[in-house]
Amino acid sequence: AQSVSQHNHHVILSEAASLELGCNYSYGGTVNLFWYVQYPGQHLQLLLKYFSGDPLVKGIKGFEAEFIKSKFSFNLRKPSVQWSDTAEYFCAVTNTGGFKTIFGAGTRLFVKA
Amino acid sequence: EPEVTQTPSHQVTQMGQEVILRCVPISNHLYFYWYRQILGQKVEFLVSFYNNEISEKSEIFDDQFSVERPDGSNFTLKIRSTKLEDSAMYFCASSAQGAQSYGYTFGSGTRLTVV
């Protein structure tokens, strides 16, 4: 069965620190990969997505993620976080041709001002 | 920017009662979904809906649940005989094509509290 693992449940950083959130998935076929963000009190929003092509994808607000097929990973990065990045981040996977998306458990990021 | 709208934002119901959660997807989207998030737990897939029928559902989506697109704009989730463990945040989502193509646009959610 498909699954998505996010390595860190809680991350605390100071402003301007670099961020990397780990995500690994298990699925043998072709997948599409997503990162969603949920700001406090708000709904889930799509941050970035990977379907094919360049494995380094850039999203909104300076976030990027790298798909490493051999490692089944899709880690999220940001060179310099801001206080406003405080949110919960969810990695998600959909198998090509499928209808449902499997979400990871989420990583709560708190950025200290 | 187009939005997915969910009503109500918060619903409190007594155990055993039926609830209907309502969603208005983005108007030109063709695929519709319900997900739920129990407090402190993962976002879980419930059901996907396309061309007026369920295209996929999870093991959570048993006979207690049903979905409907009654009028071409609304997309509803009905929970019959609610249980305490149905308390969760329920998210509606829609996409223009399949989920794999664009990702979803999520609504702001309905917090269901069963007492």
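Everything here concerns the structure above.
Note that the structure is a prediction, hence the values are computed from the model and not measured.

Engineer: So what's going on with unusual backbone geometry? Residues and values would help.
Structural biologist: Looking along the chain, the bond that leaves Thr 7 of chain B and enters Pro 8 of chain B is cis, with omega of -10°. Tracing the chain through its elements places Pro 8 of chain B in the loop between strand S1 (5-7) and strand S2 (10-13). The phi torsion at Phe 72 of chain A lies on the positive side, around 50°, for a residue other than glycine. Here Phe 72 of chain A shows up in the loop between strand S8 (64-68) and strand S9 (73-78). Exposure remark for Phe 72 of chain A: the relative accessible area of 37% places this residue in the partly exposed category.

Engineer: If you had to explain the side chain of Thr 76 of chain B to someone new, which residues and values would you point to?
Structural biologist: Note that Thr 76 of chain B resides in strand S8 (residues 75-79). Apart from residues lying up to four places away in sequence, Thr 76 of chain B is in contact with Ile 20, Leu 21, Arg 22, Trp 34, Ser 66, Val 67, Glu 68 and Pro 70 of chain B.

Engineer: Lay out the state of the cysteines in plain terms, naming residues and giving numbers.
Structural biologist: All names here are of chain A. Taken as a whole and assessed by the stated rule, the structure comprises 2 disulfides over all chains. For Cys 23, the disulfide goes to Cys 91, at an S-S distance of 1.9 Å. Its torsion about the S-S bond being -65°, the disulfide of Cys 23 and Cys 91 is classed as left-handed. Of this pair, Cys 23 sits in strand S4 (residues 23-26) while Cys 91 sits in strand S10 (residues 87-95), and the two are 68 residues apart along the sequence. The two residues Cys 23 and Cys 91 agree in class, both being buried.

Engineer: So, the packing of aromatic side chains: which residues are in play, and what are the values?
Structural biologist: Applying the stated criterion to the full structure yields 19 aromatic pairs over all chains. When the centroid spacing of 4.3 Å and the interplanar angle of 10° are considered together, the rings of Tyr 31 of chain B and Tyr 50 of chain B count as stacked. Taken as a pair, Tyr 31 of chain B in strand S4 (residues 31-37) and Tyr 50 of chain B in strand S5 (residues 43-50) lie far apart in primary sequence, 19 residues in all. Summarising the aromatic geometry, the rings of Phe 32 of chain B and Phe 75 of chain B are spaced 5.5 Å apart at their centres and angled 40° between planes, so their arrangement reads as tilted. With a gap of 43 residues between them, Phe 32 of chain B in strand S4 and Phe 75 of chain B in strand S8 connect regions that are remote in the sequence. The rings of Phe 34, Tyr 36, Phe 51, Phe 90 and Phe 103 of chain A together with Tyr 35, Phe 45, Phe 91 and Phe 106 of chain B are connected pair by pair, giving a single aromatic cluster.

Thresholds, definitions, all that
- Residues numbered from 1 in each chain as written.
- Chains lettered and ligands numbered in written order.
- Predicted model: local features only at pLDDT ≥ 70, side-chain atom pairs only at ≥ 80, totals over all residues.
- Heavy atoms only, no water.
- Helix = DSSP H or I, 4+ residues; strand = E, 2+ residues; numbered from the N terminus.
- Buried < 20%, exposed > 50% of the residue type's maximum accessible area, 1.4 Å probe, protein only.
- Contact = heavy atoms within 4.5 Å.
- Disulfide = S-S within 2.5 Å.
- Phe/Tyr/Trp six-rings, centres within 6.5 Å; stacked < 30°, edge-to-face > 60°.

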